[in-house]
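Reading the structure
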Amino acid sequence: RDFLVPPPPMSFHKFSEEYKVHSKANKTPSSWRRDLDALNHLLRYFGDMTLREINTGHVQRYIDNRLETGEGKKGRVQPRTIYAELSTLSAIFREAIKREWVDRNPVRGVTKPKAETEVVRYLDGDEERRLLEHVPPSLCPVIVVAIHSGLREGEETKLTWADVKLKERVIIVRHTKVKKDRVVPMS
């Protein structure tokens, strides 16, 4: 009678290489780059551990350590940066579960840092006019569309005239971050 021998433990470092391939194949370029940035931090902390070793306690200590000692672009690391790193870590474990390396996701159950809610501020008519006075005329249409639509820069630069429905007063944004088209009203 043959007994199944369990596979040797998979290291976080080794599986992260496998995950990078998966991420590049299935995510937008900007999401893939965000995963790579997050992995740089995650590998420093979890790189020598096996996937099965990593538990919720390790993940919580990672969060606490990043909040306490982490340095970001604006001084201390921002909670939303850690949140993004945790999203990548969770995605790695979801993929590891699918590939049967682990049977649980240790990111579930941790207390995630609360990101400060940013107050959204809009330009008033006078501010918009002053801004447009100080940019090259060729950029004015781009800026006006950005101000009135709220489109991301990448979304706006990929627009074609076929995406602009003047009669319906909408813009069709194709291939968004979440890989779905969306409709944006035009003023």
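You'll find the structure just up there.
Let us look at the structure shown here. (Residues numbered from 1 in each chain as written. Predicted model: local features only at pLDDT ≥ 70, side-chain atom pairs only at ≥ 80, totals over all residues. Heavy atoms only, no water.)

Some remarks on the pattern of salt bridges
Where we set the bar: We define a salt bridge as a contact between a side-chain nitrogen of Lys or Arg and a carboxyl oxygen of Asp or Glu at a distance within 4 Å. Numbering of helices and strands runs from the N terminus, with a helix taken as a DSSP run of H or I at least four residues long and a strand as a DSSP run of E at least two residues long. Each residue is assigned to one of three classes by its accessible area relative to the maximum for its type, calculated with a 1.4 Å probe on protein chains only: buried under 20%, partly exposed between the two thresholds, exposed over 50%.
Counted by the stated rule, this structure contains 14 salt bridges. Note that Lys20 is salt-bridged to Glu17, the shortest N-O span being 3.1 Å. Here Lys20 pairs with Glu17, and both are found in helix H1 (residues 12-26), just three residues apart, close to one helical turn. Since its relative accessible area comes to 24%, Lys20 is described here as partly exposed. Under the relative-accessibility criterion, Glu17 is labelled partly exposed at 37%. Across the pair Lys27 and Asp35 runs a salt bridge, and its minimum N-O distance is 2.7 Å.

Observations regarding helix H4 (residues 79-98)
The cut-off we apply is this: How far a helix is expected to stretch is found by multiplying one less than its residue total by 1.5 Å. Residues count as neighbours in contact if any of their non-hydrogen atoms are within 4.5 Å of one another.
For H4, spanning 20 residues, the distance from its first C-alpha to its last is 29 Å, which sits close to the expected 28 Å at 1.5 Å a residue. Buried within H4 are the following residues: Pro79, Ile82, Glu85, Leu86, Thr88, Leu89, Ser90, Ala91, Ile92, Phe93, Glu95 and Ala96. Contacts made by the buried residues of H4 are with H1, helix H2 (29-46) and helix H3 (56-69). Just past H4, the residue Glu100 takes up positive phi, approximately 65 degrees.

Describing the environment of Leu166
Looking at where Leu166 falls in the secondary structure, it is placed in the loop between strand S3 (164-165) and strand S4 (170-173). Relative accessible area serves as the criterion here: at 60%, Leu166 is assigned to the exposed category. The spatial distance from the C-alpha of Leu166 to the C-alpha of Arg99 is 48 Å, given a sequence separation of 67 residues.

Details of the side chain of His58
Structurally, the position occupied by His58 is in helix H3. Beyond its immediate sequence surroundings of up to four residues, His58 is in contact with Tyr45, Phe46, Met49 and Glu53.

Brief notes about the packing of H2 against H3
Short version of the rule: A fitted line through C-alpha atoms represents every axis, and for helices the fit uses only the stretch in contact; the resulting angles, taken between N-to-C directions, go from 0 to 180 degrees. Should the near helix be turned anticlockwise from the far one by less than a right angle, the crossing is termed left-handed; should it be turned clockwise, right-handed. We call Asp, Glu, Lys and Arg charged. Ala, Val, Leu, Ile, Met, Phe, Trp, Tyr, Cys and Pro are nonpolar, and the rest, Gly among them, are polar.
Following both chains from N to C, one finds H2 and H3 inclined at 120 degrees, their axes separated by 11 Å at the closest point. Where H2 crosses over H3, the two elements pack in a sense that is right-handed. Here His41, Leu42, Tyr45 and Phe46 of H2 come into contact with H3, specifically with His58, Val59, Arg61, Tyr62, Asn65 and Arg66. Here the contact of H2 with H3 is composed, by residue class, of five nonpolar, three polar and two charged.

Overview of the packing of aromatic side chains
Put simply, the test is: Classification of ring pairs rests on two measures: the distance between centres of Phe, Tyr or Trp rings, Trp counted by its six-membered ring, which must be within 6.5 Å, and the angle between planes, read as stacked under 30 degrees, edge-to-face over 60 and tilted in between.
Scanning the model with the defined rule gives four aromatic pairs in all. Ring geometry for Phe12 against Phe46: centres 5.8 Å apart, planes inclined by 55 degrees, an arrangement best described as tilted. Pair noted here: Phe12 is in helix H1 and Phe46 is in helix H2, with a separation of 34 residues, a long-range link. Note on Phe12: relative accessible area 0%, which makes it buried. Their ring planes at 70 degrees and their centres at 5.2 Å tell us that Tyr45 and Tyr62 sit as a pair that is edge-to-face. Of this pair, Tyr45 sits in helix H2 while Tyr62 sits in helix H3, placing them 17 residues apart in sequence. Through pairs of rings, three or more aromatic residues link up here, namely Phe12, Tyr45, Phe46 and Tyr62.

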